[in-house]
Amino acid sequence: MSSSTLIEVFGQIAFRFTRGVTEHYNPDEPEFTLESFGYDPLQSTGREWNYRPVDELIYQEYSNRETIVPRLINACSPVENEETIAEEDSGMAWKRLRPSILQTVCKSLYFGAFITFLAAIITGIFFLLIVYLCFKTILNCAFYPRKLIPVPVQWTRTISDAISAVFYYTWIFVNLSFLFRSYQLKGLKKKLMLVSFFMYGLDAIYRIVLQVMEMPYYLAPNVYQIPIYAFFLTCICLQLFLVVRLLCVRSRKQRLICMCKMLVPTFLVMLTGIFMSDCLYSAYLRQSNEGRLAIALFAPLSGLAFKIVSRICAQRLWTITHPGYSYVLLAPCYYGTAIIFRILQADLERLKSIVILGIIHGAGEVVERSAMVVIDHICHVLCKRKSAPWGSFRTPRRERLMADIAILSMLSESSAIVSVNGFIYLYQFVYVENSSLLELLQIFAIHTSVQLMIEWFFTSMSLAIETRYQNMAVMAVWRKRWKRHVLVAFFNTLPLAVWNSSCLLMLVSARFGLNIKKPCNMPFT
């Protein structure tokens, strides 16, 4: 094959992945018709996301739908000009609307600073406040032998933990409220709340019964935690079953498939968390500095695979979720994996290793965000087991989801940097003696600011690439919907902070040790 042929092939691929989707998209293509997703318009339930009027949907950063290109004609000339002007392909006409490269870079740095510094720092501080409360209540006298923990302290820990469990059981309800429009869940919210609090009641009773039997679950063997996980999974499945039964007028098989698509992102983040806390963290602690650096470098690849699977599932919820709300289903996966893997980077002692790993991760994130469309296209072809033209996977709905996912990725990674660095130094302040608060704050500020500056650089690079060369509406969506993204971040940070406060404690305590010489007292005494 000649070089000119290769250039033409790659040129066509680049064209199909960068042209405007709203200009070339054909909703009547078999791949994208509603019937191909198991939906019959004659069976409308009145709860489809577009059943009622919606606000203006943002699909692209630049669009030429309302652009008028003037053309001058010499009406005084008696001779008709037979020259024809070749019109630019409408799919690439959006490039005329782009600002200069300098303006794009400045806008990217501006919006990147808002995401990386302002929103992420606020979210990270909220995470640390929750962790501090957990250290003083749920994790009070952590790792003390049972005989050294007074019974009143045991009861305080059990009651505190039972109260904090309510955030787990309302987690899925809050995300469903963000995922669907208000009229879609009309008449169902009371049932969802009833399921949440019923399963939460069983969970709280189980924990208290174990305490009455003088076997608190946090000191009992792992087998006693199985009912707690069973209650939580049952709560999620029951709520999703009620939602799918109401919104999907389909066969039982299709309802089950739809329910699995909604369940996969949450299930994967739980699976990742259990695997990391029980297996990978233990292997990480047994390694030397070089081995720990290698694990911290390659461990996020497993999270990348889970993100791809979750994205594919979210893209197939065609009729029941608003295009601008679908990313909520992926929020637990993105925020959870960011915290789980970022702690490995923050645990490295040398600042040089942290910088090197931060640069590698930042470059990897740029590649991942920029290649999301290509990666999802390949995975889509593999799942369908049939070829598809390059770029056919791009639809307005998927382009909007990609823009929201890019914001979700940037915000989750930046928030995780503040959260895990703060966790390490907050642990030293609470559990390690002779820790100077001023010295800890100084080291925390240096390490966190260095990582955030690296993250800001790569976030700005992602924004510039995705908006200028892919026409992905990242900055446009953030400008219009930043409040919703921040709220989703807050409500997902709350249960993740409670859960990670105990999981990350094992990793951090192995590095700094524990002081069990002082007596175990009641919280805040």
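Each chain has its residues counted from 1, following the order in which its sequence is written. In view of the model being predicted, local features appear only for residues whose pLDDT reaches at least 70, and side-chain atom pairs are presented and counted only at 80 or more, with totals across whole chains, interfaces and linings using the full set of residues. Water and hydrogen atoms were dropped before computing side-chain values, which therefore reflect all heavy atoms in the structure.

Q: Would you mind going over the overall build of the protein chain with me for this structure?
A: The secondary structure content of the protein chain amounts to 16 helices and zero strands. Relative accessibility thresholds used throughout: buried, under 20% of the residue-type maximum; exposed, over 50%; partly exposed, between the two (1.4 Å probe, protein chains only). Per-residue burial for the protein chain yields a buried fraction of 51% across its 525 residues. Counting contacts in the protein chain only where the partners sit at least 6 residues apart, residues at least 24 apart contribute 84% of the total. All accessibility values rest on the Shrake-Rupley procedure with a 1.4 Å probe; residue burial counts only the protein chains present in the view. For the protein chain, the exposed area adds up to about 25500 Å²; of that, 65% sits on carbon and sulfur atoms. Starting at the N terminus, helices and strands are each numbered in turn, a helix being any DSSP run of H or I of at least four residues and a strand any DSSP run of E of at least two. The contact criterion used is simple: two residues touch if any of their non-hydrogen atoms lie within 4.5 Å.

Q: Would you mind showing me how to read helix 5 (residues 166-179) here?
A: An α-helical turn contains 3.6 residues, so any two residues separated by three or four positions project in the same direction. Each helix should span, by expectation, one fewer than its residue count multiplied by 1.5 Å. Across its 14 residues, helix 5 extends 20 Å between first and last C-alpha, which sits within 8% of the 20 Å expected from 1.5 Å per residue. Judged by how many residues are buried, helix 5 sits mostly within the fold: eleven of 14 residues are covered. When we look at burial in helix 5, the residues that qualify are V166, Y168, Y169, T170, W171, I172, F173, N175, L176, F178 and L179. Elements that come into contact with the buried residues of helix 5 comprise helix 4 (151-164), helix 6 (189-212), helix 7 (226-247), helix 8 (252-285), helix 11 (331-346) and helix 16 (474-512).

Q: Just checking my understanding: could you explain the pattern of salt bridges for this structure?
A: We define a salt bridge as a contact between a side-chain nitrogen of Lys or Arg and a carboxyl oxygen of Asp or Glu at a distance within 4 Å. Tallied over the full model, the rule gives nine salt bridges. With its nearest N and O atoms 3.2 Å apart, the salt bridge here joins R369 to E365. Residue R369 and its partner E365 are located together in helix 12 (residues 351-370), separated by four residues, close to a single helical turn. The buried category is assigned to R369, whose relative accessible area is 2%. Where salt bridges share partners, they join K307, R342, E365, R369, E413 and E455 into one cluster.

Q: What's the story with the side chain of E455 in this structure? I'm lost.
A: Mapped onto the secondary structure, E455 falls in helix 15 (residues 437-468). Side-chain polar atoms of E455 contact the side chain of R342, separated by 3.0 Å. Any N or O atom pair separated by 3.5 Å or less is treated as a polar contact, with the protein-specific requirement of one donor-capable and one acceptor-capable atom, and with residues adjacent in sequence counted only for side-chain atom pairs.

Q: What is the right way to look at the environment of L188 in this model?
A: Looking at the secondary structure, you find L188 in the loop between helix 5 and helix 6. Sequence separation between L188 and L242 is 54 residues, and the spatial gap between their C-alpha atoms is 7.9 Å. In this structure L188 touches L242, V243 and L246, once residues within four positions along its chain are discounted.

Q: Sorry, what's going on with the packing of helix 11 against helix 16 here?
A: The description of two helices packed together rests on the angle between their axes and the distance between the axes. Here an axis means a line fitted to C-alpha atoms, over the contact stretch when the element is a helix, while the angle between two N-to-C directions is reported on a 0 to 180 degree scale. Contact geometry for helix 11 and helix 16: axes closest at 9 Å, N-to-C directions at 35°. Read as a crossing pair, helix 11 and helix 16 show a hand that is right-handed. Facing A331, P332, Y335, G336, I339, I340, I343, L344 and A346 of helix 11, the residues of helix 16 in contact are H485, V488, A489, N492, L496, N500, L504, L507, V508 and R511. The class makeup of the residues in the contact of helix 11 with helix 16 is 14 nonpolar, four polar and one charged. Should the near helix be turned anticlockwise from the far one by less than a right angle, the crossing is termed left-handed; should it be turned clockwise, right-handed. Amino acid classes used here: Ala, Val, Leu, Ile, Met, Phe, Trp, Tyr, Cys and Pro are nonpolar; Asp, Glu, Lys and Arg are charged; the rest, including Gly, are polar.

Q: Would you explain helix 8 in this entry?
A: An ideal rise of 1.5 Å per residue puts 50 Å on 34 residues; helix 8 measures up with 47 Å between its terminal C-alpha atoms. The angle separating two fitted axes, one through the seven residues that finish at a residue and one through the seven that start at it, defines the bend at that residue. A bend of about 45° at M276 is the largest found in helix 8.

Q: What am I meant to see in the confidence of the model for the protein chain here?
A: The predicted coordinates ought not to be read in detail in places where the model reports low pLDDT. Each residue carries a pLDDT value, the predictor's own confidence for that position, ranging from 0 to 100. Taken over all residues, the pLDDT of the protein chain has a mean of 80, while the share at 70 or more is 82%. Here helix 2 (residues 21-24) is the element of the protein chain with the lowest mean pLDDT, 47, and helix 6 is the one with the highest, 94. Low pLDDT, under 50, characterises residues 22-39; the predicted model gives this stretch 43 contacts beyond four residues in sequence or across chains. Contacts from residues 66-88, a stretch scored under 50 in pLDDT, to residues over four places away or in other chains number five contacts.

Q: Got a minute to help me understand the nonpolar core in this structure?
A: Soluble globular proteins: nonpolar side chains tend toward being buried together. Side-chain atoms within 4.5 Å link the members of a nonpolar core, which is a set of buried Ala, Val, Leu, Ile, Met, Phe, Trp, Tyr and Cys residues. Core analysis: the largest hydrophobic core is formed by 118 residues, its most contacted members being F135, M262 and L344. The contact partners of F135, leaving out residues within four places of it in the chain, are N140, F423, L426, Y427, V430, Y431, S501 and L505. Membership of the second largest hydrophobic core comes to five residues, among which are Y144, I149, V153 and C520.

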